[in-house]
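Chain and residue survey
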Amino acid sequence: ESPAGQQRARPPSPRARGRPGSAVLFRAEGCGIGRTVSAEANPQGLNARCARQVPAQDFVRLTRPANALVAGAAVYVGALLVGAPLAPSSHAIAGIIAAIAFAAAGNVRNDITDIEVDRLAHPARVLVTGGVKKQNAQAFAAGLYGVSIASTVFSSYQAVVCVAVPAPLLEA
């Protein structure tokens with residue numbers, strides 16, 4: 001039995017254990033973002049208050065990768081239309097990465113905003129099922145916006161303005 005006031009951590013579910021795409025870290029839900037305990041160091045999940053395994057693929061599903069990749073493809077096609085060579089330059093690659101990350105962040109933000117609608121319309125989405133907590137999804141979206149902004153630095157200053165100005169507005 002756990003000491004008073006301390007909950008015993010749940011080990012990973014049998015469904016998640018050993019599943020491809022499963023993270024090897026336990027998330028300490030009640031302990032703040034970022035506190036993790038490795039599965040090897042703590043195979044029973046003991047002493048990690050409120051911990052559970054977070055499958056990495058749940059975060060990937062939040063981004064709707066097919067939609068995000070279409071945004072990157074659109075940047076590539078746009079570059080071709082203005083006369084860029086078939087092999088993309090480093091500037092074009094940075095723009096493609098920025099577009100993919102920005103679209104992925106937007107998809108995550110959409111799921112956060114529409115969680116109540118999704119309970120009825122899309123009950124299998126990871127925020128609705130609890131696969132990813134809302135606060136973790138918000139941090140993930142902010143990180144994706146950061147990747148997008150960082151990528152634009154390698155593209156052009158106009159791209160930095162186009163990404164850096166709307167990103168904080170979307171997080172408000």
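Residues numbered from 1 in each chain as written. Predicted model: local features only at pLDDT ≥ 70, side-chain atom pairs only at ≥ 80, totals over all residues. Heavy atoms only, no water.

Considering the overall build of the chain
A tally of regular secondary structure across the chain gives 8 helices and 3 strands. Listing each helix as α and each strand as β along the chain from the N terminus yields β-β-β-α-α-α-α-α-α-α-α. Across the 172 residues of the chain, 34% fall into the buried class. Within the chain, residue pairs in contact and separated by at least 24 positions form 65% of the contacts whose partners lie at least 6 positions apart. Accessible surface, the chain as shown: approximately 9,900 Å² in total, 65% of it carbon and sulfur. (Helix = DSSP H or I, 4+ residues; strand = E, 2+ residues; numbered from the N terminus. Buried < 20%, exposed > 50% of the residue type's maximum accessible area, 1.4 Å probe, protein only. Contact = heavy atoms within 4.5 Å. Areas by Shrake-Rupley, 256 points an atom, 1.4 Å probe, with all protein chains shown as cover.)

Structural notes on a nonpolar patch on the surface
Together, Val77, Leu81 and Val82 make up an exposed nonpolar region whose accessible area comes to about 340 Å². Relative to the helices and strands, Leu81 resides in helix 2 (residues 65-81). Residue classification places Leu81 among the exposed residues on the basis of a relative accessible area of 70%. (Patch = residues over 30% accessible without salt bridge, like charges linked within 9 Å, V, L, I, M, F, W, Y side chains within 5 Å. Salt bridge = Lys/Arg side-chain N within 4 Å of Asp/Glu carboxyl O.)

A closer look at the packing of helix 1 (residues 56-63) against helix 6 (residues 134-153)
For any two helices packed against each other, the geometry is given by the interaxial angle and the distance between the axes. Following both chains from N to C, one finds helix 1 and helix 6 inclined at 65°, their axes separated by 11 Å at the closest point. Judged by the twist between their axes, the crossing of helix 1 over helix 6 is right-handed. Across from Phe59, Leu62 and Thr63 in helix 1, the residues of helix 6 making contact are Asn136, Ala137, Phe140 and Leu144. By residue class, the composition of the contact of helix 1 with helix 6 is 5 nonpolar, 2 polar and no charged. (Axes fitted to C-alpha atoms, helices over the stretch in contact; angles between N-to-C directions. Left-handed = near helix turned anticlockwise from the far one by under 90°. Nonpolar A, V, L, I, M, F, W, Y, C, P; charged D, E, K, R; others polar.)

Concerning helix 6
Taking 1.5 Å as the rise per residue, helix 6 with 20 residues should run 28 Å; its terminal C-alpha atoms sit 29 Å apart, in good agreement. By the burial criterion, the buried members of helix 6 are Asn136, Ala137, Ala141, Leu144, Tyr145, Ser148, Ser151 and Thr152. (Expected span 1.5 Å × (residues − 1).)

A look at the nonpolar core
Core analysis: the largest hydrophobic core is formed by 17 residues, its most contacted members being Leu62, Val108, Ile112, Leu127, Val132, Ala137 and Leu144. For this core, the secondary structure elements donating two or more residues are helix 1, helix 3 (90-113), helix 5 (126-129) and helix 6. No other element matches helix 3, which puts 5 residues into this core. (Core = buried A, V, L, I, M, F, W, Y, C linked by side-chain atoms within 4.5 Å.)

Observations regarding the environment of Gln57
Take Gln57: it is sitting in helix 1. On the basis of relative accessibility, which here comes to 32%, the residue Gln57 falls in the partly exposed class. Separated by 74 residues in sequence, Gln57 and Gly131 place their C-alpha atoms 9.7 Å apart.

Quick word on the packing of aromatic side chains
The tally for this structure, following the rule as stated, stands at 2 aromatic pairs. Centre to centre, the rings of Phe59 and Phe140 are 5.2 Å apart; their planes meet at 70°, and the pair counts as edge-to-face. Placement of the pair is Phe59 in helix 1 and Phe140 in helix 6, with a sequence separation of 81 residues. On the basis of an interplanar angle of 65° and a centroid distance of 5.3 Å, the ring pair of Phe102 and Tyr145 is categorised as edge-to-face. With Phe102 in helix 3 and Tyr145 in helix 6, this pair connects stretches of sequence that are 43 residues apart. (Phe/Tyr/Trp six-rings, centres within 6.5 Å; stacked < 30°, edge-to-face > 60°.)

What to know about the confidence of the model for the chain
Here the chain averages 76 in pLDDT, while 65% of its residues score no lower than 70. No element of the chain has a lower mean pLDDT than strand 1 (residues 22-28), which averages 45, and none a higher one than helix 2, which averages 94. Across residues 41-51, confidence stays below pLDDT 50; counting only partners more than four residues off in sequence or on other chains, it has 26 contacts. (pLDDT = per-residue confidence, 0-100.)

So, the pattern of salt bridges
Within this structure, the stated rule accounts for 5 salt bridges. Measuring nitrogen to oxygen at the nearest pair gives 2.1 Å for the salt bridge that ties Arg64 to Asp111. Separated by 47 residues along the polypeptide, Arg64 in the loop between helix 1 and helix 2 and Asp111 in helix 3 bring together distant segments of the chain. On the basis of relative accessible area, Arg64 is assigned to the buried category, the value being 18%.

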